[in-house]
Amino acid sequence: MHGVRLHTTCHDPAVQALVPFLDAIHGAHRVIAERGGLGGHRGLDQWMQGPGAGLAKVPDIVLENFDGPRSYLLIDVKTLDPAGPSHIATNHTDRTRLAAHIAIARTCCQSEYGALPPRMRLVVLPISIFGAIGTPGQAFISELSRRMRSAVPTSLLPHASWATPKVGPMIRQALVHAVRRGLASSIHTHWRRGDSAGEGEGVGAEDE
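This text gives an overview of the structure that appears in the document. Just so it is clear, the structure is predicted and the values come from calculations on it, not from any experiment.

Definitions and limits used
Residues numbered from 1 in each chain as written. Predicted model: local features only at pLDDT ≥ 70, side-chain atom pairs only at ≥ 80, totals over all residues. Heavy atoms only, no water. Helix = DSSP H or I, 4+ residues; strand = E, 2+ residues; numbered from the N terminus. Expected span 1.5 Å × (residues − 1). Buried < 20%, exposed > 50% of the residue type's maximum accessible area, 1.4 Å probe, protein only. Salt bridge = Lys/Arg side-chain N within 4 Å of Asp/Glu carboxyl O. Core = buried A, V, L, I, M, F, W, Y, C linked by side-chain atoms within 4.5 Å. Contact = heavy atoms within 4.5 Å. Pairing = 2+ DSSP bridges. Axes fitted to C-alpha atoms, helices over the stretch in contact; angles between N-to-C directions. Parallel < 35°, antiparallel > 145°, perpendicular 65-115°, else oblique. Left-handed = near helix turned anticlockwise from the far one by under 90°. Nonpolar A, V, L, I, M, F, W, Y, C, P; charged D, E, K, R; others polar.

### Comments concerning helix α5 (residues 135-147)
Taking 1.5 Å per residue as the helical rise, α5 with its 13 residues ought to reach 18 Å, and the 19 Å between its terminal C-alpha atoms agrees with that figure. Residues G137, F140, I141, E143, L144 and S145 constitute the buried set of α5. Of the residues trailing α5, R149 is marked for its positive phi of about 55°.

### A word on the pattern of salt bridges
Counted by the stated rule, this structure contains 8 salt bridges. A salt bridge links E112 to K78, with the shortest nitrogen-to-oxygen separation between them at 2.9 Å. Note that E112 is positioned in helix α4 (residues 99-113) and K78 in strand β4 (residues 72-80), a separation of 34 residues in sequence. A residue is classified by how much of its surface remains accessible, and K78, at 6% relative accessible area, is buried. Salt bridges sharing partners connect three or more residues here, namely K57, D76, K78 and E112.

### Overview of the nonpolar core
Of all hydrophobic cores here, the largest spans 35 residues; its most connected members are L22, I61, L63, F140 and I171. When contributions to this core are tallied by element, the ones reaching two or more residues are α1 (6-26), β2 (31-33), β3 (61-64), β4, β5 (120-128), α5 and α6 (167-190). Among the elements that make up this core, the one with the highest residue count is α1 (9 residues). When neighbours within four sequence positions are excluded, I171 is seen to be in contact with L18, F21, I25, I141 and L144.

### Some details on the pairing of β4
Of all 9 residues making up β4, 9 are buried, and the element is well covered by its neighbours. By the alternation rule, side chains of β4 split into Y72, L74, D76, K78 and L80 and L73, I75, V77 and T79, which are all buried. Summarising the sheet, β3 and β4 pair through 4 bridges and their orientation is antiparallel. Bridging across to β4, E64 finds its partner in Y72. Relative to β5, β4 runs parallel, the two being bridged by 9 bridges. Bridging across to β5, K78 finds its partner in P126.

### Describing the packing of α5 against α6
In a pair of packed helices, the angle between the axes and the distance between the axes together describe the arrangement. Closest axis-to-axis distance for the α5/α6 pair is 8 Å, and the angle between their directions is 140°. Between α5 and α6, the angle is such that the two are oblique. Pair α5 / α6 crosses with right-handed handedness. Contacts between α5 and α6 involve Q138, I141, L144 and S145 from the first element and V167, G168, I171, R172 and L175 from the second. Considered class by class, the residues forming the contact of α5 with α6 number 5 nonpolar, 3 polar and 1 charged.

The following block contains the structure:
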């Protein structure tokens, strides 16, 4: 079985899909995130040496002043395959909707970050390879939508369509599409068929 690492195939594209929305809604000067290219980590690295010095984990994105002056909203994107054997056995995802999303969000809050310093809040945004977004992620998207009164930011209007006339559905569609496109691209790249009929390599998705 050939494993697909969701961190590079799904997680990173989802983070990069979310950043332009946060830039447009909250202001790029208050969005600290990896932006690709040489020195793309510099902003997060500097933040972790300053206000984030006490954190046990580097968040994917940090929003300055989102909850008020001198506040920091930490965003941690998680990508997962709820149909994986471990999730079925441990979280009973074959019987309980969003069970893996809930388990991953709980582990992230309790084990990866723990107690946060004052004026910091964590949003865990779990996205499955099948397109389901966890409850905390849905709530955060709704919060962004309320701040825009559902309107798509002017800078993103060239990317809007009749299918996503409001910003909330547009964000959800962009995130899900990024995850599924990343997985499809990886499968297309790594799938190999054997010389004999019926032989080949399967692709198994592993959590971030």
